[in-house]
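Structural features, examined
If you want the building blocks of each chain, they are given just below.
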Amino acid sequence: MTWLEPLRSSVPELEARAWDSVRRLADELAGLVASAPPAGDRAARSRWLLGLRRRLAQHGHRPPAGPVAAAVWQTLAQFCAGFHDLDLRDATGPGHGAMILTDADEATAQSWRGRLHRGELVGIAATERHGGSRIQEITTRARLRRDGRWLVSGEKCWVSRLMESAGFVVFFRDPDNRISAAVVDAADRGLEREVIEPFGLDGWAWGVLRLHEVPVGPAADLVGPAGTGLDVFRRHFARFRPLVTATALGTAAGVHTLVVDALAARCRVGVLPRVRDNAMITLGRTHAEITASLLAAITASRLAAAGHRHAYLAARIGKAAGVDTAHRAVTDLAPLVGACGFQQASPIAKARADLTGLLYADGIHDSLYRSGGISLLHRSAASAVAQPQTHHPRTKTDTAA
Ligand SMILES: Cc1cc2nc3c(=O)[nH]c(=O)nc-3n(C[C@H](O)[C@H](O)[C@H](O)COP(=O)(O)OP(=O)(O)OC[C@H]3O[C@@H](n4cnc5c(N)ncnc54)[C@H](O)[C@@H]3O)c2cc1C
């Protein structure tokens, strides 16, 4: 909360109770992480992470009512989780299950709301071999069965939460060749998984998800109406990317705090005679950059929850810029504690590796910046067309705008 307290006035939609609940979450997280198994023990960590998610769900760590307050609360919750470890990015909240809650049929949404409230997890299966940045070209396909159900077959790669998810939102071509999304239960016998070892972010299993004629009911299982998969994807990532960004910034803030504490302790015991200027400059600059990016992520969450037309742009370029900021901050901060931060067991080394994964996951950065640039150019072109070509002298209203 040391990082968040000064930002209290920037989140007026969080009333005192909601703010206190962020504080309670931060406190409980700080207690729970003490019992985390070592990062090297993958199976134990995956079990522990899922257990932690269930426990926090049972303890009622949930956002307040109202879409904007809920989005802002979740953004701060992600920052608190990331502060301890990027693996805690699914500690609270519906995550990718949000697509089901907002876009699925009422009965399906209701059933998944209960499961998510009990701490179950939902994964997303969108990326394919040809490239995740080109979702419009997906080839996973559904064929129509005689009884009206669809059978989905194809291969998804780089899927996170591969073994832990209770369900996946899968993107595929429907029998009319349009892109649709559906929720598939993880227990379906038509699912085959191949786990791949990642370079970082290894708390949750990651890899290939193959679908062999997985049945989907177009009435109950679709997430959004048939053919609207791309809209579901875009709307979801307008909400989800600011949360990813806040988690990454939390991780950078955690490393910043470790480095400050280590330097202060070394000075106290006399190992360091004084902290050099270059270290102090890095500490000041990275603190300002992390805080500014977090405020931008909160704004992006708020815009998405309010359905603002700027939300997609803010989420795309905000994720790329915010995660870049976090990654650069940790890269700059790590050398300030010397070689001890380079040990495999160091949380600083882990944070560096984990943040590298977020440069790809949830949108690769050159594609996000590029699509942001395209939107900005279109916007400028559209406003030029909307404006009469004749020259108008500036008015008071123009200046105010
Ligand atoms: C840790 C991690 C977790 C992930 N979790 C999930 C998950 O849960 N579910 C899921 O579906 N996916 C997941 N992904 C996949 C992630 O979304 C993709 O990695 C991301 O979308 C980028 O896709 P890609 O890796 O296939 O790269 P590509 O899309 O192939 O892009 C690679 C490069 O090629 C460039 N490029 C693309 N098209 C062109 C072109 N026409 N000409 C020139 N260059 C081009 C891109 O800009 C980029 O620089 C995860 C990835 C990681 C690393």
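Residues numbered from 1 in each chain as written. Predicted model: local features only at pLDDT ≥ 70, side-chain atom pairs only at ≥ 80, totals over all residues. Heavy atoms only, no water.

What follows covers the overall build of the protein. When helices and strands are counted, the protein shows eleven helices and seven strands. Expected size for 401 residues packed as a compact globule is a radius of gyration near 21 Å; at 22 Å, the protein falls within 12% of this value. Here the protein, with 401 residues, has 49% of them falling under the buried criterion. A sequence separation of at least 24 residues applies to 74% of the contacts in the protein between residues at least 6 apart. Carbon and sulfur atoms provide 56% of the accessible area of the protein, an area that totals close to 19,200 Å². (Helix = DSSP H or I, 4+ residues; strand = E, 2+ residues; numbered from the N terminus. Rg over C-alpha atoms; globule rule 2.2 N^0.38 Å. Buried < 20%, exposed > 50% of the residue type's maximum accessible area, 1.4 Å probe, protein only. Contact = heavy atoms within 4.5 Å. Areas by Shrake-Rupley, 256 points an atom, 1.4 Å probe, with all protein chains shown as cover.)

Before going further, it helps to spend a moment on the environment of A311. Structurally, A311 is set in helix α8 (residues 311–333). A sequence separation of 274 residues divides A311 from P37, and the C-alpha atoms of the two residues are 38 Å apart. Apart from residues lying up to four places away in sequence, A311 is in contact with A238, L303 and A304.

A few words now on the pattern of salt bridges. Under the definition given, this model contains 27 salt bridges. Between D90 and R161 there is a salt bridge whose closest N-O contact spans 2.6 Å. One end of the pair, D90, is in the loop between α3 (67–84) and α4 (98–103); the other, R161, is in the loop between β3 (150–160) and β4 (167–173), with 71 residues separating them in the sequence. Judged by its relative accessible area of 4%, D90 falls in the buried class. On the basis of relative accessibility, which here comes to 5%, the residue R161 falls in the buried class. E289 is the partner of R285 in a salt bridge, and the nearest nitrogen-oxygen pair spans 3.4 Å. (Salt bridge = Lys/Arg side-chain N within 4 Å of Asp/Glu carboxyl O.)

Around the ligand, the surrounding shell holds 20 residues, and the nearest of these are T127, G132, S133, W158 and D366. One nitrogen or oxygen atom from the main chain of I124 is found 2.8 Å from a nitrogen atom belonging to the ligand. The contact in question runs from an oxygen atom of the ligand to an N or O atom on the side chain of D366, over 2.7 Å. Protein coverage of the free-state accessible area of the ligand, which is 970 Å², stands at 66%. Counting residues per element, the ones that place at least two in the shell around the ligand are β1 (122–125), β3 and α10 (365–386). Per element, the largest residue contribution to the shell around the ligand is three residues, and it comes from β3. Considering only residue class, the shell around the ligand consists of ten nonpolar, seven polar and three charged. Per-domain counts for the shell around the ligand show at least three residues from each of domain 2 (122–227) and domain 3 (230–379). (Near = heavy atom within 4 Å. Polar contact = N/O pair within 3.5 Å; in protein donor to acceptor, adjacent residues only side chain to side chain. Nonpolar A, V, L, I, M, F, W, Y, C, P; charged D, E, K, R; others polar. Domains from an automatic or database assignment.)

For the rest of this paragraph, the subject is the packing of helix α6 (residues 229–268) against helix α7 (residues 277–305). Viewed as axis vectors pointing N to C, α6 and α7 meet at an angle of 160°, and their least axial separation amounts to 9 Å. With respect to α7, the element α6 is oriented roughly antiparallel. Judged by the twist between their axes, the crossing of α6 over α7 is left-handed. In terms of residue class, the contact of α6 with α7 is built from 17 nonpolar, six polar and one charged. (Axes fitted to C-alpha atoms, helices over the stretch in contact; angles between N-to-C directions. Parallel < 35°, antiparallel > 145°, perpendicular 65-115°, else oblique. Left-handed = near helix turned anticlockwise from the far one by under 90°.)

Positionally, S21 belongs in helix α1 (residues 16–32). Using a relative accessible area of 11% as the deciding quantity, one classes S21 as buried. When neighbours within four sequence positions are excluded, S21 is seen to be in contact with H61 and W73.

With that settled, consider the domain arrangement of the protein. According to the domain assignment, the protein consists of domain 1 (5–117), domain 2 (122–227) and domain 3 (230–379). On a C-alpha basis, the centres of domain 2 and domain 3 stand 29 Å from each other. Taken together, the contact pairs 14 residues of domain 2 with twelve residues of domain 3. Of the roughly 990 Å² buried at the junction of domain 2 and domain 3 (both faces included), carbon and sulfur atoms supply 79%. Summed over the three residues of domain 2 that lose the most area to domain 3, namely I135, F199 and L201, the buried surface amounts to 39% of that side. Where domain 2 packs against domain 3, one counts zero salt bridges. Per-class residue counts for the side of domain 2 that touches domain 3 are eight nonpolar, four polar and two charged. (Buried area = accessible area lost by both parts, 1.4 Å probe.)

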